[in-house]
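A structural walkthrough
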Amino acid sequence: EADIYQTPRYLVIGTGKKITLECSQTMGHDKMYWYQQDPGMELHLIHYSYGVNSTEKGDLSSESTVSRIRTEHFPLTLESARPSHTSQYLCASTRGGDTGELFFGEGSRLTVL
Amino acid sequence: GESVGLHLPTLSVQEGDNSIINCAYSNSASDYFIWYKQESGKGPQFIIDIRSNMDKRQGQRVTVLLNKTVKHLSLQIAATQPGDSAVYFCAENRAQAGGYQKVTFGTGTKLQVIP
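These figures come from a predicted structure and were not determined experimentally. (Residues numbered from 1 in each chain as written. Chains lettered and ligands numbered in written order. Predicted model: local features only at pLDDT ≥ 70, side-chain atom pairs only at ≥ 80, totals over all residues. Heavy atoms only, no water.)

1. As for the sheet that holds strand 8 (residues 76-78) of chain A
Reading across the sheet, the four strands line up as 1-3-8-7 (chain A) and stay open at both edges, with antiparallel pairing between neighbours. Single-partner strands in this sheet number two, and they are strand 1 (4-7) and strand 7 (65-66) of chain A. (Pairing = 2+ DSSP bridges. Helix = DSSP H or I, 4+ residues; strand = E, 2+ residues; numbered from the N terminus.)

Listed below in structure tokens is the structure:
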């Protein structure tokens, strides 16, 4: 069982609001990731981090930002939410190595009205 | 560009039968190919992976086959059970500088197990 947690699980907010999606892992993993997934579709990488104070943009352009001040914590922020941001956001981490085994949280489903 | 795609969007299988989920890929430089299972309302869960220099790998009730000649990957599930109902994603991994693993996901196949 992976020890990676996301909150909130579900969030419905109005346009223009600032939101932060939380992600925490207790496995001591250095590398963490944020993926965006629309229903029934593939996952698209939007942010990743090698470790503390390291953040990089992924393949899919996103208006969100991330920070990595502590190893276990990798929050994602939207300064001004829009309906186009409606999606599921999945956080993941990995212990390293080269197999591609990612441990995912259960996701945060965001709906912007 | 890099892409990982699946042949079928939905697969219905009778309980107890074997399931085969297929995947095509285009990036020959991948280090590993991976299968993930995503149940409704949950994040993807790692099932099994195969290194790019291997042809076959077996796990518990699952077998992954890799055919590099035709760039094809398959996941075989033996004696499919209702708990196997989920969306299955194939993915490829290529190690980048700094130890970053670039994991690229394909579109999923929904497996429906008929009791």
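2. Some points on the pairing of strand 11 (residues 108-112) of chain A
Residue and element names in this part refer to chain A. Only one face of strand 11 is covered, namely the one carrying Ser108, Leu110 and Val112; the face carrying Arg109 and Thr111 has none of its residues buried. With four bridges connecting them, strand 2 (residues 10-13) and strand 11 associate as parallel partners. By the bridge assignment for strand 11, Ile13 is matched with Val112. Taken together, the three bridges between strand 9 (residues 87-94) and strand 11 define a ladder with antiparallel strand orientation. Across the sheet, Tyr89 pairs through a bridge with Ser108, a residue of strand 11. (Buried < 20%, exposed > 50% of the residue type's maximum accessible area, 1.4 Å probe, protein only.)

3. Here we look at the pattern of salt bridges
Per the counting criterion, the structure on display carries nine salt bridges over all chains. In this structure, the salt-bridge partner of A:Glu72 is A:Arg70, at a minimum N-O distance of 3.1 Å. Its relative accessible area of 43% is what places A:Arg70 among the partly exposed residues. Close ionic contact of B:Lys68 with B:Asp55 constitutes a salt bridge, the shortest N to O distance being 3.2 Å. Linking B:Lys68 in the loop between strand 7 (62-67) and strand 8 (72-77) with B:Asp55 in the loop between strand 5 (45-51) and strand 6 (56-58), this pair joins segments that are 13 residues apart in sequence. (Salt bridge = Lys/Arg side-chain N within 4 Å of Asp/Glu carboxyl O.)

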